[in-house]
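Observations on chain architecture
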Amino acid sequence: MEEQLIFFNPVFTHNIWGGSRLHDEFGYPVEGTDIGECWGISAHPSGEGCVRDGKYAGKKLSALWEEHPELFGNVDYDRFPLLVKIIDAREDLSIQVHPDDTYAGQHENGSLGKTECWYVLDCPEGASLVIGHNAKTREELSDMIHQGRWQEFIREVPVKKGDFIQIDPGTVHAIKRGLLILETQQSSDITYRVYDYDRLSDGKPRQLHIRQSIDVITVPAKSPQDSVKSAADLPENHIHELYRCSCYRVAKVTVSGAMGFVVDAPFMLATVVAGEGIFNGRAVKKGDHFLIPNEVRQAELSGRMELILSNI
Ligand code: ZN
């Protein structure tokens, strides 16, 4: 039986806050100085990549999911559940919050909610992210937002390269300028914008979603210590679980020389975030996104590289 990994051609988004690192540092074939996101593994209708080569070349991930459930271990999900992207923030992103499955299902045409997490690939010295807020009650939350008391409301926390941040639904969050992030998330694009720094896009402010935000924001917020953990400098040649919840498990592996692991999930998603090497006989390098299908039960890796893995 021929075991094969399934590689994807990503799709890209242009955003007012985007930059050029996805082209310059990852070598992706996309031009511009406003490239915000690379959707590396996605079956979401807002941006879906195709298989790069092999017997499924050109097929969309959603079609692969529909036509070949055996590749995914015949799991009982009504759609491909995850989305993996790389985000390059040249400028601050708006302050936002996502609903959970229940709220999104009721108010957003049956969409999934959005639980997401970030692995910081790179950031400048002294970088920070917005995670959480400082309101103690829902009434105070509503007052701070309606009165525009953003300095008081927003909670910024310092981050460094290699940090991992889990963003539960209801968590106020924003990526700040200079950050390069790998995001693993539920396959959803439902975002409620709370505040956009009073910026103009094409001469007018972007739409805010104040009512929905106040509905879904968790009060009080999780503590900063519970929000950010360091995943830099972990021992090499081991799988390190960064987080596990009902939506996903995310892990990091740093390969130096050779190592192997058992694929203990129906399928796994992988992104090479640094370096290059060999994965089950295939050459892989920084920027590659691929599916480890169900038939592959053992992974053999060599070279010098870092990968972020995820599965349901
Ligand atoms: Zn988000």
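So, a few notes on the structure that sits alongside this text. (Residues numbered from 1 in each chain as written. Predicted model: local features only at pLDDT ≥ 70, side-chain atom pairs only at ≥ 80, totals over all residues. Heavy atoms only, no water.)

**Brief notes about the overall build of the chain**
What the chain contains, in helices and strands, is 6 helices and 22 strands. Rg of the C-alpha trace for the chain: 19 Å, near the compact-globule value of 20 Å for 312 residues, within the 12% margin. When the backbone C-alpha atoms are referred to their principal axes, the chain occupies close to 65 × 40 × 35 Å. Out of the 312 residues in the chain, the part that is buried amounts to 54%. In the chain, the share of contacts with a sequence separation of at least 24, taken over all contacts with a separation of at least 6, comes to 72%. Here the chain displays about 13500 Å² of accessible surface, and carbon together with sulfur accounts for 47% of that area. Charge-centre separation for the chain: the mean point of 32 positive side chains lies 2 Å from the mean point of 46 negative side chains. (Helix = DSSP H or I, 4+ residues; strand = E, 2+ residues; numbered from the N terminus. Rg over C-alpha atoms; globule rule 2.2 N^0.38 Å. Buried < 20%, exposed > 50% of the residue type's maximum accessible area, 1.4 Å probe, protein only. Contact = heavy atoms within 4.5 Å. Areas by Shrake-Rupley, 256 points an atom, 1.4 Å probe, with all protein chains shown as cover. Lys, Arg positive; Asp, Glu negative; His and termini not counted. Charge placed at Lys NZ, Arg CZ, Asp CG, Glu CD.)

**Concerning the nonpolar core**
Phe72, Phe80 and Ile86 are the most contacted members of the largest nonpolar core, which totals 38 residues. Put simply, the parts of the chain that give this core at least two residues each are β1 (6-9), β3 (35-41), α2 (61-67), β7 (82-88), β9 (116-122), β14 (180-186) and β19 (268-279). Setting aside anything within four residues of it in sequence, one finds Phe72 in contact with Leu61, Leu64, Trp65, Phe80, Pro266, Phe267, Leu291 and Asn294. (Core = buried A, V, L, I, M, F, W, Y, C linked by side-chain atoms within 4.5 Å.)

**Focus: the sheet that holds strand β16 (residues 228-230)**
Taken in spatial order, the 7 strands line up as β2-β3-β7-β14-β9-β12-β16 in an open sheet, and their pairing is antiparallel. In this open sheet, the two edge strands, each paired with only one partner strand, are β2 (11-19) and β16. Averaged over all pairs of adjacent strands, the angle between strand axes in this sheet comes to 25 degrees, irrespective of strand direction. (Pairing = 2+ DSSP bridges. Axes fitted to C-alpha atoms, helices over the stretch in contact; angles between N-to-C directions.)

**Focus: the pattern of salt bridges**
Here the structure, examined in full by the defined rule, presents 23 salt bridges. For Arg21, the salt bridge identified is with Glu25, shortest N-O distance 2.8 Å. The class for Glu25 is partly exposed, based on a relative accessible area of 37%. In this structure, Glu67 and Lys59 form a salt bridge, with 2.6 Å as the shortest nitrogen-oxygen distance. By relative accessible area, Lys59 is classed as partly exposed at 25%. In the salt-bridge network here, residues are joined through shared partners; they are Glu37, Lys85, Lys114, Glu116 and Glu183. (Salt bridge = Lys/Arg side-chain N within 4 Å of Asp/Glu carboxyl O.)

**Focus on the coordination of the zinc ion**
Geometrically, a metal with four donors at the corners of a regular tetrahedron has ideal angles of 109.5 degrees, and one with six donors at the corners of a regular octahedron has ideal angles of 90 or 180 degrees. Around the zinc ion, the protein contributes the donor atoms His98 (NE2), Glu116 (OE), Glu116 (OE) and His173 (NE2), at 2.0 to 2.6 Å from the metal centre. One way to put it: the 4 donor atoms around the zinc ion meet at angles of 51 to 126 degrees, and that makes the site irregular. Read in sequence order, the donor residues coordinating the zinc ion give the pattern H-x17-E-x56-H. Within this pair, whereas Glu116 is found in strand β9, its partner His173 is found in strand β13 (residues 173-174), the two being separated by 57 residues in sequence. His173 shares its class with Glu116; the two are buried. (Donors = N, O, S within 2.8 Å, 3.2 Å for Na, K, Ca; no water. Tetrahedral: all angles 85-135°; square planar, octahedral: opposite > 155°, others 65-115°.)

**Quick look at helix α4 (residues 138-146)**
Every buried residue of α4 is listed here: Leu141, Ser142, Met144 and Ile145. Each buried residue of α4 sits inside an arc of 165 degrees when the element is viewed along its axis, so together they form one side. Opposite the buried face of α4, at more than 90 degrees from it, the exposed residues are Glu139 and His146. In this structure, the buried side of α4 is in contact with β10 (128-133), α5 (150-153), β15 (192-195) and α6 (210-216). Downstream of α4 by a residue or two, Gly148 has a phi angle that is positive, lying close to 65 degrees. (Arc of directions from axis to C-beta.)

**Quick look at unusual backbone geometry**
Trans is the prevailing form of peptide bonds, just as negative phi is the prevailing case for residues other than glycine. For the bond running from Val219 to Pro220, omega is -10 degrees, close enough to zero to count as cis. Note on placement: Pro220 falls in the loop between α6 and β16. Its identity is not glycine, yet Asn74 carries a phi of approximately 50 degrees, on the positive side.

**Description of the state of the cysteines**
Tallied over the entire structure, the rule returns 0 disulfides. No disulfide involves Cys117; its sulfur sits 7.4 Å from the nearest other cysteine sulfur, which is in Cys245. For Cys117, a relative accessible area of 1% gives the class buried. Just so you know, Cys245 is unpaired, no disulfide at all, and the nearest cysteine sulfur is the one on Cys247, 4.6 Å from it. For Cys245, a relative accessible area of 25% translates into the label partly exposed. (Disulfide = S-S within 2.5 Å.)

**Observations concerning the side chain of Glu48**
Tracing the chain through its elements places Glu48 in strand β5 (residues 47-48). The buried charged residue Glu48 lacks any salt bridge, with Lys60 as its nearest oppositely charged partner at 4.5 Å. In terms of polar contacts, Glu48 uses its side chain to reach the backbone amide nitrogen of Leu61, at 3.3 Å. A polar contact is formed between the side chain of Glu48 and the backbone nitrogen of Ser62, at a distance of 2.6 Å. (Polar contact = N/O pair within 3.5 Å; in protein donor to acceptor, adjacent residues only side chain to side chain.)

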